[in-house]
Amino acid sequence: MKYEQKILEAEQRLAVRFSQDGREVHALLDAAAADALARELALQAALVGERMVTVQFGRDFVMLEKRVALDVVVALIKGKLRLEELAEAERIARDSAILLRAGANFGLSNDP
């Protein structure tokens, strides 16, 4: 099973793709959907023991090994946090400017 994700900054969405044996499943997620999917995968991985985890996207479904599911959870959470940062970019820039003017030597974002 291969998992890929890409952040679409203009749309503020996370594009995910699962592929295996020539079969692909695509999804376009906002931050809330990415968070919900990460929680679902983490819960299933915690409950299934050593078995496979199943994720459903509409009529399509993907079966993941527990280890792969946990790796996908980490990637989804990182993607969700980046989407939230993009959505709040203006507020973060304004707050960072206030801190800078006040003499603080740190910012509120990893984005230069």
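This text goes with the structure placed above it.
Treat the numbers as computed from the prediction; the structure is a model and nothing was measured.

**Structural notes on the packing of aromatic side chains**
Enumeration over the complete set of coordinates arrives at one aromatic pair. Relative to F18, the ring of Y3 lies with its centre 5.0 Å away and its plane at 50°, an arrangement referred to as tilted. One end of the pair, Y3, is in strand β1 (residues 2-8); the other, F18, is in strand β2 (residues 13-20), and 15 residues separate them in sequence. The exposure class of F18 is buried, given its relative accessible area of 2%. Lying over the aromatic face of F61, R23 brings its terminal NZ or CZ to 5.6 Å of the ring centre.

**With respect to the pattern of salt bridges**
Inspection of every chain in the model, using the stated rule, returns 11 salt bridges. Ionic pairing is found between E9 and R82, a salt bridge with its closest N-O pair at 3.7 Å. Residue E9 is located in the loop between β1 and β2, and its partner R82 is located in helix α2 (residues 66-87); the two are separated by 73 residues in the primary sequence. One salt bridge connects D35 with R39, and the closest N-O pair in it is separated by 3.0 Å. In this pair, D35 and R39 are both assigned in helix α1 (residues 31-48), four residues apart and thus about one turn of the helix distant. One network of salt bridges, with partners in common, ties together K2, E4, R17 and E24.

**Section: the pairing of strand β5 (residues 60-64)**
Inspection of the sheet shows strand β4 (residues 53-57) paired to β5 by five bridges, in the antiparallel sense. In the strand pairing of β5, F57 is matched with D60. Linkage of β4 to β5, two consecutive antiparallel strands, is achieved through a turn of two residues, within which G58 is found at a positive phi near 65°.

**Here we look at a nonpolar patch on the surface**
Where nonpolar side chains cluster on the molecular surface, the patch consists of M52, F61 and M63 and spans about 270 Å² of accessible area. Mapping F61 onto the fold places it in strand β5. Overall, F61 belongs to the partly exposed group, its relative accessible area being 43%.

**A closer look at the sheet that holds strand β3 (residues 23-29)**
Strand order across the open sheet formed by three strands is β1-β2-β3, with antiparallel pairing between neighbours. Edge strands, defined here as strands with exactly one partner in the open sheet, are β1 and β3. Taking each pair of neighbouring strands and ignoring which way they run, the sheet shows an average axis angle of 15°. Taken together, the seven bridges between β2 and β3 define a ladder with antiparallel strand orientation. Across the sheet, F18 pairs through a bridge with V25, a residue of β3.

**Describing α2**
Compared with an ideal rise of 1.5 Å per residue, which puts 22 residues at 32 Å, α2 spans 31 Å between its outermost C-alpha atoms and is within 8% of the ideal. Of all the residues in α2, the buried ones are V68, A69, V72, V73, A75, L76, G79, K80, L83 and L86.

What counts, and at which threshold
- Throughout, residues of each chain are indexed from 1 in the direction in which the sequence is written.
- Reporting of local features is limited, given that this is a predicted model, to residues whose pLDDT is at least 70; pairs of side-chain atoms are given and counted only at 80 or more, and all residues count toward the totals for whole chains, interfaces and linings.
- The basis for every side-chain value is the complete set of heavy atoms in the structure, and neither hydrogens nor water enter the calculation.
- For Phe, Tyr and Trp, rings pair up if their centres lie within 6.5 Å, where Trp contributes its six-membered ring, and each pair is then called stacked (planes under 30 degrees apart), edge-to-face (over 60) or tilted (otherwise).
- The helix count covers DSSP runs of H or I at least four residues long, the strand count covers runs of E at least two residues long, and both are numbered beginning at the N terminus.
- Remark: exposure states derive from per-residue accessible area (1.4 Å probe, protein chains only) relative to the maximum for the residue type, with buried under 20%, exposed over 50%, and partly exposed in between.
- Note on criteria: charge over ring means Lys NZ or Arg CZ within 6 Å of the ring centre, with the direction from the centre no more than 35 degrees off the ring normal.
- When a carboxyl oxygen of Asp or Glu is within 4 Å of a side-chain nitrogen of Lys or Arg, the pair counts as a salt bridge.
- If DSSP finds at least two bridges between two strands, the strands pair.
- Residues enter a patch when their relative accessible area is above 30% and they make no salt bridge; the linking distance is 9 Å between like charges and 5 Å between nonpolar side chains (Val, Leu, Ile, Met, Phe, Trp, Tyr).
- Here the accessible surface of atoms and residues is derived via Shrake-Rupley with a 1.4 Å probe, and residues count as covered only by protein chains that are part of the display.
- Note on geometry: axes are lines fitted to C-alpha atoms, helical ones only across the stretch in contact, with angles between N-to-C directions running from 0 to 180 degrees.
- Given a helix with a known number of residues, its expected span is that number minus one, times 1.5 Å.

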